[in-house]
Amino acid sequence: MKTEIISKHALIGRAPAELYMMFSDMRNFVQFLPADKREGIRADFDNIYANVQGFDLGVTVAARQPYSRIDFKDNGAPFPFSLSLFFSATPEADPAKTDFHIELSAELNFMMKMLVGNKLQEALDKVVEGLQAVSEGKVPEGISPEDLEKYKSQFGL
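Here's what I pulled together on the structure shown here. (Residues numbered from 1 in each chain as written. Predicted model: local features only at pLDDT ≥ 70, side-chain atom pairs only at ≥ 80, totals over all residues. Heavy atoms only, no water.)

1. Observations regarding a nonpolar patch on the surface
In plain terms, the rule: Only residues whose relative accessible area exceeds 30% and that form no salt bridge are eligible for patches; like-charged ones are grouped when within 9 Å, while nonpolar side chains (Val, Leu, Ile, Met, Phe, Trp, Tyr) are grouped when within 5 Å. Areas reported here follow the Shrake-Rupley algorithm with a probe of radius 1.4 Å; residue values treat only the protein chains shown as occluding. A pair is scored as a salt bridge if a Lys or Arg side-chain nitrogen falls within 4 Å of a carboxyl oxygen belonging to Asp or Glu. Secondary structure elements follow DSSP: runs of H or I of four or more residues count as helices, runs of E of two or more count as strands, with numbering from the N terminus. A simple rule labels every residue: compare its accessible area, found with a 1.4 Å probe on the protein chains alone, to the largest value its type can have, and call it buried under 20%, exposed over 50%, or partly exposed in between.
Residues M1, F110 and M114 make up a contiguous nonpolar surface patch of roughly 380 Å² in combined accessible area. Tracing the sequence through the fold places M114 in helix α3 (residues 110–135). Judged by its relative accessible area of 58%, M114 is exposed.

2. A word on the side chain of N47
Rules: The definition of a polar contact used here is a pair of N or O atoms within 3.5 Å, where within protein one atom must be able to donate a hydrogen and the other to accept one, and adjacent residues in sequence count solely through side-chain atom pairs. In what follows, a contact means two residues having at least one pair of non-hydrogen atoms within 4.5 Å.
Examined against the element boundaries, N47 turns out to sit in strand β4 (residues 47–52). You can call N47 buried: its relative accessible area is 14%. Among the polar contacts listed, one links the side chain of N47 to the side chain of T60, at a separation of 2.7 Å. When residues no more than four places from it in sequence are discounted, the contact partners of N47 are M26, R42, V59, T60 and N75.

3. Quick notes on the packing of aromatic side chains
Cut-off, in case you're wondering: Stacked, edge-to-face and tilted are the three classes for Phe, Tyr and Trp ring pairs, Trp counted by its six-membered ring, which pair at centre distances within 6.5 Å; planes under 30 degrees apart are stacked, over 60 edge-to-face, the rest tilted.
Tallied over the entire structure, the rule returns eight aromatic pairs. Ring centres of F23 and F100 lie 6.0 Å apart, and the angle between their planes is 15°; on these two criteria the pair is classed as stacked. On the criterion of sequence distance, the pair formed by F23 in helix α1 (residues 16–24) and F100 in strand β8 (residues 98–107) is long-range, its members being 77 residues apart. Judged by relative accessible area, which is 8%, F23 ranks as buried. Overall, the relative accessible area of 1% leaves F100 in the buried class. Seen in terms of ring centroids, F79 and F81 are 6.0 Å apart; in terms of plane orientation they differ by 55°. Their pairing is tilted. The buried category is assigned to F81, whose relative accessible area is 14%. Among the aromatic residues, those joined into a ring-pair cluster are Y20, F23, F29, Y67, F72, F87 and F100.

This is a description of form; function is not addressed.
Here you go:
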């Protein structure tokens with residue numbers, strides 16, 4: 001059963017090109033993880049692989065539309081999925097900010113949808129909220145002040 005989930009939108013304190021460049025290289029995702037969560041994760045420019053709670057999971061960049069969208073697809077996952085990140089310019093608000101959101105499409109059977117459907121929505125929203133908080137110099141829930149400093153330097157804040 002196809003499941004579509006769209007995250008909330010948020011204004012991120014960076015221009016679309018800056019955010020796009022940060023997310024276009026899969027190796028950057030590893031840098032965003034706390035050091036104790038990096039074990040067993042491998043990445044190159046187009047792919048990232050991990051073992052999460054006994055499941056092998058791989059994600060590959062399927063398409064890049066410079067400065068506006070990056071599409072990802074599963075590459076060895078328990079269920080087929082695709083994920084898209086959207087980076088929209090907001091000249092009326094501020095050209096140095098980006099309207100950001102995430103869209104997920106997954107083939108989940110009834111049982112999987114009941115188990116993880118709401119958690120996927122919460123996870124996508126939390127990623128967007130965390131990115132917004134970091135871009136504003138705030139500490140998102142679950143992030144240590146030391147990690148915030150690392151993320152801020154990656155954002156160039």
